[in-house]
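Coordinate analysis (summary)
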Protein chains: 2
Amino acid sequence: MTHSGKSLIHPTPPLFIVLSGPSGVGKDAVLTRLKATESRMRFIITMTTRIRRPEEIDGVDYSFVSKEVFERLLKKNELLESANVYGNWYGVPKQPVRDALREKKDAIVKVDVQGAATIKKIIPDSIFIFLMPPSLDELENRLRQRYTEKPPELAIRLQSAADEIKQVSEFDYVVINNKNGLDIAVEEIKAIITTEKCRVKPRRIIFP
Amino acid sequence: MTHSGKSLIHPTPPLFIVLSGPSGVGKDAVLTRLKATESRMRFIITMTTRIRRPEEIDGVDYSFVSKEVFERLLKKNELLESANVYGNWYGVPKQPVRDALREKKDAIVKVDVQGAATIKKIIPDSIFIFLMPPSLDELENRLRQRYTEKPPELAIRLQSAADEIKQVSEFDYVVINNKNGLDIAVEEIKAIITTEKCRVKPRRIIFP
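1. As for the overall build of chain A
Check the secondary structure of chain A and you find seven helices and nine strands. What you see for chain A is a C-alpha radius of gyration of 18 Å, in line with the 17 Å of a compact globule of 208 residues. Its C-alpha atoms give chain A principal-axis dimensions of roughly 75 × 40 × 30 Å. Taken over 208 residues, chain A has a buried fraction of 35%. By sequence separation, contacts in chain A at least 24 residues apart represent 69% of the contacts at least 6 residues apart.

Below is the structure:
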């Protein structure tokens, strides 16, 4: 075979995708759909020290760990980001991300907007996707359906959402999660993944 | 309706897409497929002064114009890019692009690699897509099937292609047009369009 038989197709480096957005926007629903089709992608599971709820599955919804295990990882700087919410720890472990990238697999993680800001400082070449509700009224409807929250708590969540939405400018992409439009949101995220693999100058994740 | 009922969905500005790549890579085949599904997109037709071939349709394959008409547009700086090939003029008129963008329609144009470089200087916020053959051998096969060219002419075309491929670094995206993989190439271009519309900081075309 001559020199000109050389393939012009180059493998692209793996991607690290950070999916964020306000509470109630539908991040989990989107990820469940993505999981069904993107079998080669690694879905990074958040660790938590809070008690598992009956409907939750360890290693699927969260990795449920003891406070000791969590704090040891925190001390070893083995968490990409972490937060303490009402006395419970939540955090993203670095090792599964490191493993995915070493095996040339794309990885995706779901975090809140504050967590995305933390990851951006550590891995700026991640792909930051903000899942946006069509309106705050619609987000309120969804939160009302989802939680049996008292009005003050709901008001706090909505105020948080309004503040988080202001931070969309720190993200690369915004995907609207319309009512009955989950398929569109999932297709848009898949399009973003496809497109990022077509970039002439790919992002190169340098993992700490 | 309260303040929070305000839609969080913003319309994105129209895109201007420049599809390029070496002769024989399959740009026309890709555009024909795109046309079938992207009915709202404007496909900008290249103008030429050469004689129409029997199988060609005016306004579809090219806009066939007289030398006088072409040179008048050239003098008025109404061509986005132009080239004289073996005594025949080829050029992309500005007006249909201007019309598309004013009507908030995305527009796409097919040009050679030199033409893409010219457009990049004038409208740097265009989306530059390079259609790549899987290998130069494969491109040679396609050129042999397409043309009844004499070996010296074929050699010149292949050398041009090799030179053009070196300029891929000036493009935003590279899409491989594999044998029997036309559908994948078209899907990737559609994914790029979808993704560009999800950008938090959209490209804003300032048209001259």
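2. Observations concerning the environment of isoleucine 205 of chain A
By the element assignment, isoleucine 205 of chain A lies in the segment after helix H7 (182–198). Apart from the residues within four sequence positions on either side, isoleucine 205 of chain A is in contact with Pro13, Phe16, Leu101, Ile123, Asp125 and Ser126 of chain A.

3. Comments concerning the sheet that holds strand E6 (residues 88–93) of chain A
Residue and element names in this part refer to chain A. Here we have four strands laid out as an open sheet, ordered E4-E3-E6-E5, and mixed in their pairing. Single-partner strands in this sheet number two, and they are strand E4 (63–64) and strand E5 (79–85). Sheet strands touched by helix H2 (residues 67–75): strand E3 (47–48), E5 and E6. Its angle to E6, the strand with the most contacts, is close to 50°.

4. Looking at the relation of the copies chain B and chain A
Superposing chain B onto chain A takes a rotation of 180° plus a shift of 0.0 Å along the axis, which leaves an RMSD of 0.0 Å. Both chain copies can therefore be described as sitting about a two-fold axis. No C-alpha of chain B approaches the rotation axis more nearly than that of alanine 191 of chain B, which lies at 2.2 Å. The overlap is high: 100% of the interface residues of chain B also sit at the interface in chain A, so the same surface is used on both sides.

5. Topic: the pairing of strand E9 (residues 173–176) of chain B
Residues and elements named next belong to chain B. Along E9, one buried face is formed by Tyr173 and Val175 and the opposite face, lined by Val174 and Ile176, is buried too. In this sheet, E9 lies alongside strand E8 (residues 127–132) in parallel orientation, the contact comprising four bridges. Note on E9: the bridge partner recorded for isoleucine 129 is tyrosine 173.

6. Overview of the pairing of strand E7 (residues 107–110) of chain B
Residue and element names in this part refer to chain B. Side chains of E7 alternate between two faces, with Ala107 and Val109 and Ile108 and Lys110 buried alike. Alignment of strand E1 (residues 16–20) against E7, held across four bridges, turns out to be parallel. Note that in E7 the partner of isoleucine 17 across the bridge is isoleucine 108. By the bridge criterion, three bridges tie strand E2 (residues 42–44) to E7 in an arrangement that is parallel. When the bridges of E7 are listed, isoleucine 44 appears paired with valine 109.

7. As for the interface of chain B and chain A
Tallying the contact residues gives 31 residues for chain B and 31 residues for chain A. Listed by contribution, the elements that provide at least two residues to the side of chain B that touches chain A are helix H5 (136–146), E9 and helix H7 (182–198) of chain B. With six residues, H7 of chain B is the largest single contributor of residues to the side of chain B that touches chain A. For the side of chain B that touches chain A, the class distribution of residues is 17 nonpolar, eight polar and six charged.

8. A closer look at the sheet that holds strand E3 (residues 47–48) of chain B
Residues and elements named next belong to chain B. Within the open sheet, the four strands sit side by side as E4-E3-E6-E5. Their pairing is mixed. What marks the edges here is a single partner per strand, and that holds for strand E4 (63–64) and strand E5 (79–85). Strand direction decides the pairing type here: E3 and E4, joined by two bridges, are parallel. Each residue of the ladder has a partner; that of threonine 48, found in E4, is phenylalanine 64.

9. Examining the confidence of the model for chain A
Summary statistics for chain A give a mean pLDDT of 92 and a share of 97% for residues scoring 70 or more. Interface confidence in the predicted complex, given as ipTM, is 0.93; pTM for the same model is 0.93.

10. Structural notes on the environment of isoleucine 129 of chain B
Residues and elements named next belong to chain B. You can see isoleucine 129 is positioned in strand E8. The exposure class of isoleucine 129 is buried, given the 27 C-beta atoms found within 10 Å. Residue contacts for isoleucine 129: discarding those within four places in its chain leaves Ile17, Val18, Leu19, Phe171, Asp172, Tyr173, Val175, Ile189 and Ile192.

11. A look at the environment of lysine 197 of chain A
Within the element layout of this structure, lysine 197 of chain A appears in helix H7. Distance from lysine 197 of chain A to isoleucine 123 of chain A, taken between C-alpha atoms, is 18 Å for residues 74 residues apart in sequence.

12. Re the packing of H7 of chain A against H7 of chain B
In the contact formed by H7 of chain A and H7 of chain B, the axes pass within 8 Å of each other and the chain directions differ by 110°. Comparing the axis directions of H7 of chain A and H7 of chain B gives the class roughly perpendicular. Contacts between H7 of chain A and H7 of chain B involve Glu188, Ala191, Ile192, Thr194, Thr195 and Cys198 of chain A from the first element and Glu188, Ala191, Ile192, Thr194, Thr195 and Cys198 of chain B from the second. Residues that form the contact of H7 of chain A with H7 of chain B fall into these classes: six nonpolar, four polar and two charged.

13. A word on the packing of H5 of chain B against helix H6 (residues 151–165) of chain B
Residue and element names in this part refer to chain B. Contact geometry for H5 and H6: axes closest at 11 Å, N-to-C directions at 140°. With respect to H6, the axis of H5 lies oblique. Where H5 crosses over H6, the handedness of that crossing is right-handed. Here Leu136, Leu139, Glu140, Leu143 and Arg144 of H5 lie close against H6, whose contacting residues are Leu154, Arg157, Leu158, Ala161 and Ala162.

Definitions and limits used
Residues numbered from 1 in each chain as written. Chains lettered and ligands numbered in written order. Predicted model: local features only at pLDDT ≥ 70, side-chain atom pairs only at ≥ 80, totals over all residues. Helix = DSSP H or I, 4+ residues; strand = E, 2+ residues; numbered from the N terminus. Rg over C-alpha atoms; globule rule 2.2 N^0.38 Å. Buried ≥ 20, exposed ≤ 12 C-beta atoms within 10 Å, placed from the backbone. Contact = placed C-beta atoms within 7 Å. Pairing = 2+ DSSP bridges. Axes fitted to C-alpha atoms, helices over the stretch in contact; angles between N-to-C directions. Least-squares fit on C-alpha atoms with pLDDT ≥ 70 in both. Nonpolar A, V, L, I, M, F, W, Y, C, P; charged D, E, K, R; others polar. pLDDT = per-residue confidence, 0-100. Parallel < 35°, antiparallel > 145°, perpendicular 65-115°, else oblique. Left-handed = near helix turned anticlockwise from the far one by under 90°.

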